[in-house]
Amino acid sequence: MLVKIRDRVFSGKRVSRDEALELFKSDDIFSLGALASSVAEKKNGKKVSFIRNRHVTPTNICVNRCRFCAFSRSKGEEGAFELTLEEILKRIRALNSHLKTISEVHIVGGLHPDWPFEYYLEMLLEIKRKFPEIHIKAFTAVEVDYMSRISGLSLEETFIVLKKHGLDLMPGGGAEIFDSRIRSRLCPEKISGERWLKVIETAHRSGIKTNATMLYGHIENYEHRVEHLFRLRELQDITGGFQAFIPLSYHPKGTEIGGFYSSGIDDLKTIAVSRIVLDNFPHITAYWIMLGEKISQLALHFGASDLSGTVIEEKITHSAGALSGESMTPEQLIYLIKRAGKIPVERDSFYRKVKSEK
Ligand code: SF4
């Protein structure tokens, strides 16, 4: 079967849902990796990108309390935090000594019950004013939907205002798994998969590029993953606004649904199948915070062409027991990429080359 699918892929044909399912079910992990790798090399050669970025999490207080999320807290609960604007700016200013500069700040957090829309706007405005050279990648579709509700603005209007205040692009979180039955068990309070796609489509139509994610390895099965990937591929055919797909491996520690960490084989398989199915996505990212440094490096031979970034101070996955560090230096990222036999390319938020490493 894999040979048949390989021939189809090599002849430029798209894989069907059934074929994507076959790929997930295959135990021939090396052939799968080789096929995904050849797709990735056709798009990006041996180049693997990374960015100097920094994560900022303004609050973990969230009205949703998703059952897979070990990061969120209710207001007043032990461990709850909410940053002032000055604290957010201080975090961006306090770059690690080994990083001369960052080119992107990545901001996602909980849905705070009391913060007005204006607080998010002030946040964007002040960051842009103080750090005009830094791109702001902020807010998941879930957060933007929440802002639209608290402000009373339509999605289109919300994006116009966010852009005006400095939003450059969006990450791809909050997608989890689109299937409504799984979603109702994972995160009953969260917006539906349909709504997530609607918010992202509106972002793309408003000129805001985004990424896309999929949380896997919890209570879903391969059929749910395939359907999720196909919904993304269909939207990308329409808007072309996705830059990268980032599979997110489930971390069970401290979550309500519990269970196990995803396996290394499943991680690599998911990267590979994503690369083959999402033929209209420029990049598949190996998010080393979730996959760990070593599986991420292996993922570069399973279709990944991006290694995310330096990150610095990751809160969300570490709340659920991430085994990786909280930051990597550009030198460490370059080392991992080179030792995988690939060519490191430092990029900006829009995947434009900043610097190639020899
Ligand atoms: Fe809130 Fe996001 Fe955690 Fe859900 S996953 S509880 S929306 S912070």
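Relevant structure appears above.
Basis of the calculations
- Every chain is numbered on its own, with residues counted from 1 as its sequence reads.
- It should be noted that, the model being predicted, local features are given only for residues of pLDDT at least 70 and side-chain atom pairs only at 80 or more, the latter also being counted only at that level, while totals for whole chains, interfaces and linings use all residues.
- Each side-chain value is derived from all of the structure's non-hydrogen atoms; neither hydrogens nor water enter the calculation.
- Two strands qualify as a pair provided that DSSP identifies no fewer than 2 bridges between them.
- Helix and strand definitions follow DSSP, with helices as H or I runs of at least four residues and strands as E runs of at least two, each counted in order from the N terminus.
- Fitting a line to C-alpha atoms yields each axis, with helices limited to the stretch in contact; the angle taken between N-to-C directions then spans 0 to 180 degrees.
- Residue contacts follow a heavy-atom distance rule, with two residues in contact if any of their heavy atoms lie within 4.5 Å.
- The set of buried Ala, Val, Leu, Ile, Met, Phe, Trp, Tyr and Cys residues whose side-chain atoms join them within 4.5 Å is what this entry labels a nonpolar core.
- Three labels apply to residues, based on accessible area from a 1.4 Å probe with only protein chains included: buried if under 20% of the type maximum, exposed if over 50%, partly exposed otherwise in between.
- Along the arc lie the directions from the helix axis toward the C-beta atoms.
- N or O atoms closer than or at 3.5 Å make up a polar contact, with two conditions inside protein: a donor-capable atom paired with an acceptor-capable one, and, for residues adjacent in sequence, both atoms drawn from side chains.
- One heavy atom suffices: a residue is near a molecule or strand as soon as one of its heavy atoms comes within 4 Å of it.
- Polarity classes work like this: nonpolar for Ala, Val, Leu, Ile, Met, Phe, Trp, Tyr, Cys and Pro, charged for Asp, Glu, Lys and Arg, and polar for all others, with Gly in that last group.

Draft legend 1. Spatial organisation of the sheet that holds strand β2 (residues 53–56). Within the open sheet, the 3 strands sit side by side as β2-β3-β4. Their pairing is parallel. Bordering the open sheet on either side are β2 and β4 (135–138), each of which pairs with just one other strand. Direction aside, the axes of adjacent strands within the sheet are offset by 20° on average. Relative to β4, strand β3 (residues 104–107) runs parallel, the two sharing 4 bridges. Residue Glu104 lies in a different strand from β4, and its bridge partner there is His135. Where helix α4 (residues 85–93) meets the sheet, it contacts β2 and β3, and its direction lies at approximately 155° from that of β2.

Draft legend 2. Here's a closer look at the nonpolar core. Counting residues in each nonpolar core, the largest one holds 105 residues, and the members touching the most others are Ile127, Phe139, Leu162, Trp196 and Leu232. Sorting elements by how many residues they give to this core places helix α5 (residues 117–130) first, with 7 residues. Apart from the residues within four sequence positions on either side, Leu232 is in contact with Phe178, Trp196, Leu197, Ala212, Thr213, Phe242, Phe245, Leu278 and Phe281.

Draft legend 3. Up close: helix α1 (residues 2–10). Residues of α1 that are buried: Leu2, Ile5 and Val9. The buried residues of α1 occupy one face: seen down the axis, they fall within an arc of 65°. In this structure, α1 carries Lys4 and Phe10 as exposed residues pointing more than 90 degrees from its buried face. Each element contacted by the buried residues of α1 is listed here: α2 (17–25), α3 (29–44) and α11 (264–277).

Draft legend 4. Main features of the side chain of Ser274. Within the secondary structure, Ser274 is located in helix α11. In this structure the side chain of Ser274 is engaged in a polar contact, spanning 2.5 Å, whose partner is the backbone oxygen of Thr270. For Ser274, the contacting residues outside a window of four places in its chain are Leu229, Phe245, Pro247 and Ile284.

Draft legend 5. Spatial organisation of the site of the ligand. Within the structure, the ligand sits among Cys62, Asn64, Arg65, Cys66, Phe68, Cys69, Phe71, Ser72, Gly110 and Lys190. Along the lines of polarity and charge, the residues of the shell around the ligand split into 5 nonpolar, 3 polar and 2 charged.

Draft legend 6. Structural context of helix α15 (residues 330–339). Looking only at α15, the buried set comprises Pro330, Leu333, Ile334, Leu336 and Ile337. The arc that holds every buried residue of α15, seen down its axis, measures 160°, which confines them to one face. Relative to its buried face, α15 has exposed residues pointing more than 90 degrees away, namely Glu331, Tyr335 and Arg339. Of the surrounding elements, those touching the buried residues of α15 are β1 (47–51), α12 (288–291), α13 (293–299), β8 (306–309) and β9 (343–347). Phi turns positive, to about 80°, at Gly341, one or two residues after α15.

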